[in-house]
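Coordinate analysis (summary)
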Amino acid sequence: MIERPRVTLEENGIILIDFGSLMVTLELLRDVLQQHRILAPMKKSKVLMVGQAATKVDTDLIKFGAREDVADLTSALAIVPLNKVGRVLANLFMPLQRNPYPTRAFDTVEDA
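Residues numbered from 1 in each chain as written. Predicted model: local features only at pLDDT ≥ 70, side-chain atom pairs only at ≥ 80, totals over all residues. Heavy atoms only, no water.

A few points about the nonpolar core
A general trend in soluble globular proteins is that nonpolar side chains are found buried together. Counting 24 residues, the largest nonpolar core has Ile-15, Ile-17, Phe-19, Leu-29, Met-49 and Leu-77 as its most contacted members. Counting residues per element, the ones that place at least two in this core are strand E2 (15-18), helix H1 (26-39), strand E3 (45-51), helix H2 (59-64), helix H3 (68-71) and strand E4 (74-81). Looking at this core element by element, the count peaks at four residues for H1. Ignoring any residue separated from it by four or fewer positions in sequence, one finds Leu-29 in contact with Phe-19, Val-24, Met-49, Leu-61 and Phe-64. Within the second largest apolar cluster, six residues are counted, among which are Leu-48, Ala-78, Val-80 and Phe-106. (Core = buried A, V, L, I, M, F, W, Y, C linked by side-chain atoms within 4.5 Å. Buried < 20%, exposed > 50% of the residue type's maximum accessible area, 1.4 Å probe, protein only. Helix = DSSP H or I, 4+ residues; strand = E, 2+ residues; numbered from the N terminus. Contact = heavy atoms within 4.5 Å.)

Here it is as structure tokens:
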């Protein structure tokens, strides 16, 4: 069985994406988007993404959130890295991203 992030629609309407110990990759983001479509089709949702870090912050990964199919489902994105490496990468990623919705990194899920 292939490991994949856990994607749930919370009672408050937030899509929670939990990567656990998986490294964030473009492939996994595509899978997450498909799961998001199933849980909340045709509806913009706030998204909370929790995980370790990305394998690398490259152009395709940075541009993923700005894609029209992602923006059609996302009203805001909160990213919560669970380790120091993830926080460093998130801080590098934030100035580069061009998402058409609010996107911010937080230190804890509670802060998000």
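Once you've had a look at it, read on.
Here's the deal with the pattern of salt bridges
The tally for this structure, following the rule as stated, stands at five salt bridges. Close ionic contact of Asp-69 with Arg-67 constitutes a salt bridge, the shortest N to O distance being 2.5 Å. Classification of Asp-69 by relative accessible area gives partly exposed; the value is 25%. We classify Arg-67 as partly exposed; its relative accessible area is 30%. The partner of Asp-107 in a salt bridge is Arg-87, and the shortest N-O contact between them spans 3.8 Å. On the criterion of sequence distance, the pair formed by Asp-107 in the segment after strand E5 (103-105) and Arg-87 in helix H4 (residues 84-93) is long-range, its members being 20 residues apart. Owing to a relative accessible area of 29%, Arg-87 belongs among the partly exposed residues under this scheme. What emerges from the salt-bridge pattern is a single network uniting Arg-37, Arg-67 and Asp-69. (Salt bridge = Lys/Arg side-chain N within 4 Å of Asp/Glu carboxyl O.)

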